[in-house]
Amino acid sequence: MKSPTETCVREQKFAADRMLGKLAKWLRIMGQDVIYGQHLSGYGLIRAARAEHRLILTRDRGLKRKQPPDFLFIESDHYREQLRQVIKACGLSPLDNAFKRCLECNLMLEPRSKASVEKIVPSYVFSTQENYSWCPKCHRIYWPATHHERMIEELKSLEID
Ligand SMILES: [Zn+2]
């Protein structure tokens, strides 16, 4: 296996195996392009990663016998340690692109004007929030909310000096 720094490239995209759902979600919170799903293990994971030149993130020690493309073996069972490993190995900045991707669909969010969401979001949200974006696929509306602060604190705690 190549060293982790060699496996990561600029604008790295990821394919996380199905054991790594929480890691995948946090990478998406960081704005990273990561596919994840129940079908993504073993050869399904390898096929998907190869098709889109994604770096495989896996806890499956048997995967390397299946001749996968580049992969990063995730050492820990705990998502914070897993995130730290990926951030360090791939030189990611946790906050640079945070909250720019749909957590469900993995697509980049697009800005929406406040006026255009008036009938869609709850009125208490509309009266207190100015900035909105939405996912072009699932049409879910996103806005900065209090849970962002907790997530930002969490991401800050992961930054590697
Ligand atoms: Zn979506």
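Predicted, not measured: the structure shown is a model, and the values here were computed from it.

Draft legend 1. Quick look at helix α3 (residues 42-51). Three or more residues of α3 are buried, namely Gly42, Gly44, Leu45, Ile46, Ala48 and Ala49. The inward-facing, buried residues of α3 abut β1 (14-16), β2 (34-35) and β3 (55-58). His53 occupies a position one or two residues after α3 and carries a positive phi of about 50°.

Draft legend 2. Broad picture of the coordination of the zinc ion. Protein-derived coordination of the zinc ion comes from Cys102 (SG), Cys105 (SG), Cys135 (SG) and Cys138 (SG), at a distance range of 2.3 to 2.4 Å. In this structure, the zinc ion is coordinated by four donor atoms arranged in tetrahedral fashion, with angles at the metal of 105 to 113°. Between consecutive donor residues of the zinc ion, the sequence gaps follow C-x2-C-x29-C-x2-C. Using a relative accessible area of 0% as the deciding quantity, one classes Cys135 as buried.

Draft legend 3. Just the sheet that holds strand β7 (residues 141-142), in detail. Pairing is antiparallel in the open sheet, where three strands are placed in the order β5-β6-β7. What marks the edges here is a single partner per strand, and that holds for β5 (110-112) and β7. One ladder, built from three bridges, connects β5 with strand β6 (residues 132-134); its direction is antiparallel. By the bridge assignment for β6, Arg112 is matched with Tyr132.

Draft legend 4. Layout of unusual backbone geometry. Here Asn106, not a glycine, exhibits a phi torsion of approximately 75°, which is positive. Note that Asn106 resides in the loop between α4 (79-90) and β5. According to the relative accessible area criterion, Asn106 is buried, its value standing at 8%. One non-glycine residue with positive phi stands out, namely His139, at about 65°. With respect to the helices, strands and loops of the structure, His139 is situated in the loop between β6 and β7. Of the residues examined, His139 reaches a relative accessible area of 45% and is grouped as partly exposed.

Draft legend 5. Broad picture of the packing of aromatic side chains. Counted under the stated rule, the structure contains two aromatic pairs. Over the aromatic face of Trp134 sits the side chain of Arg112, whose NZ or CZ is 4.2 Å from the ring centroid. The cationic tip of Lys114 hangs over the ring face of Phe126; the distance from NZ or CZ to the ring centre is 4.7 Å.

Conventions and cut-offs
Residues numbered from 1 in each chain as written. Predicted model: local features only at pLDDT ≥ 70, side-chain atom pairs only at ≥ 80, totals over all residues. Heavy atoms only, no water. Buried < 20%, exposed > 50% of the residue type's maximum accessible area, 1.4 Å probe, protein only. Helix = DSSP H or I, 4+ residues; strand = E, 2+ residues; numbered from the N terminus. Contact = heavy atoms within 4.5 Å. Donors = N, O, S within 2.8 Å, 3.2 Å for Na, K, Ca; no water. Tetrahedral: all angles 85-135°; square planar, octahedral: opposite > 155°, others 65-115°. Pairing = 2+ DSSP bridges. Phe/Tyr/Trp six-rings, centres within 6.5 Å; stacked < 30°, edge-to-face > 60°. Lys NZ or Arg CZ within 6 Å of the ring centre and 35° of its normal.

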